[in-house]
There are 2 protein chains.
Amino acid sequence: MGRKVIDNPNVCSLVHAMNVIGNKWKPILIYLLANGSLRFGKLLMFTPTISKKVLTEQLRELEEDGIIIRKKYAEIPPRVEYSLSKKGKALLPILKSLSQWTQDSYNEIEFEACRIVTL
Amino acid sequence: MGRKVIDNPNVCSLVHAMNVIGNKWKPILIYLLANGSLRFGKLLMFTPTISKKVLTEQLRELEEDGIIIRKKYAEIPPRVEYSLSKKGKALLPILKSLSQWTQDSYNEIEFEACRIVTL
DNA sequence: AATAGTGGTTACAAAATGGTAACTAATGGG
DNA sequence: CCCATTAGTTACCATTTTGTAACCACTATT
């Protein structure tokens, strides 16, 4: 009589979604790209305290998962533009509703800690 | 000329939401409680490979964040029932749409890895 | 007196994630 | 020949997260 397992495709898909977007930086990066493409340098500026290394890693993973598109121009100095793919854009309303959920569920004081993190 | 910062309340709230649900076990636990309360032992059984220690930690954090309710009965052997709070229930449609997003965006092969994890 | 059952706790270890600082490649301009 | 610019890479380290195994408290049952 072994341990029961999850074979629920909904739970499985949810786990997958979390693997794709559920970490410290990815939802922020996706949100930043909501209004169009941005260059590496801009993403670095707009994402406070992220390092080049970690930004590169996160962008690579998002690209692998088909969330963003990386367009490299053959210029010197280099120019690279990141934008949301169709999959990525489909995520926006969901991220918006998550954001809204926080705003509906917690008052200012309760998530003050978050404000500090992002200042 | 310092680095720019995020003061967007939407991004901030999204970060908060991810702090609350964006890890390996929490979305699964919330999903498991979608259809009513479950005892500690059942949650342990239905969440493959989670350890008692980690399950306890996750449940405590979800309780602190107001997502679940812990009801302890004064019985021997002990009985503890976990259920979703109002905040927790409000999360369900969002988790469902995340799950749906995966199912719309990735084919079976692409998230086969996830199936293996949950078997 | 020993054991089972439930919901934990504890000390410890391993793995995953995130961070720092220095370095690189390629080219135009002074 | 040196410097600036951009988008990285590299080696190394710190922190956070997750996991393992043993133990505990309380009572009923054998």
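Check the entry above for the structure.
Note that the structure is a prediction, hence the values are computed from the model and not measured.

Draft legend 1. Region of the structure containing the sheet that holds strand E2 (residues 68–73) of chain A. Residue and element names in this part refer to chain A. Spatial strand order, E1-E3-E2: three strands in an open sheet with antiparallel pairing. In this open sheet, the two strands that pair with only one neighbour each are strand E1 (38–39) and E2. As defined by bridge partners, E2 adjoins strand E3 (residues 79–84) across six bridges and the pair is classed as antiparallel. Looking at the pairing, isoleucine 68 lines up with leucine 84 of E3.

Draft legend 2. Summary view of helix H5 (residues 86–105) of chain A. An ideal rise of 1.5 Å per residue puts 28 Å on 20 residues; H5(A) measures up with 30 Å between its terminal C-alpha atoms. Maximum bend of H5(A): about 30 degrees, positioned at Leu92(A), with proline Pro93(A) one to four residues after it. For H5(A), the set of buried residues is Lys87(A), Gly88(A), Leu91(A), Leu92(A), Ile94(A), Leu95(A), Leu98(A), Ser99(A), Trp101(A), Thr102(A) and Ser105(A). Where H5(A) is buried, its residues touch helix H1 (9–21), helix H2 (26–32) and E3 of chain A together with helix H1 (9–21) and helix H5 (86–105) of chain B.

Draft legend 3. The protein's contact with DNA strand D, seen in detail. The full set close to DNA strand D counts 21 residues, and Arg70(A), Pro78(A), Tyr82(A), Lys24(B) and Lys53(B) are the nearest of them. Backbone atoms, meaning sugar and phosphate, make up 59% of the atoms of DNA strand D lying within 4 Å of the protein. A distance of 2.7 Å is found between a phosphate oxygen of DNA strand D and a side-chain nitrogen or oxygen belonging to Tyr82(A). Elements supplying a minimum of two residues to the surface near DNA strand D: helix H3 (40–46), helix H4 (52–64) and E3 of chain A together with helix H4 (52–64) of chain B. Considering each element in turn, the surface near DNA strand D owes the most residues, four residues, to H4(A). The residue inventory of the surface near DNA strand D, partitioned by class, reads eight nonpolar, five polar and eight charged.

Thresholds, definitions, all that
Residues numbered from 1 in each chain as written. Chains lettered and ligands numbered in written order. Predicted model: local features only at pLDDT ≥ 70, side-chain atom pairs only at ≥ 80, totals over all residues. Heavy atoms only, no water. Pairing = 2+ DSSP bridges. Helix = DSSP H or I, 4+ residues; strand = E, 2+ residues; numbered from the N terminus. Expected span 1.5 Å × (residues − 1). Bend = angle between axes of the 7 residues up to and from the residue. Buried < 20%, exposed > 50% of the residue type's maximum accessible area, 1.4 Å probe, protein only. Contact = heavy atoms within 4.5 Å. Near = heavy atom within 4 Å. Polar contact = N/O pair within 3.5 Å; in protein donor to acceptor, adjacent residues only side chain to side chain. Nonpolar A, V, L, I, M, F, W, Y, C, P; charged D, E, K, R; others polar.

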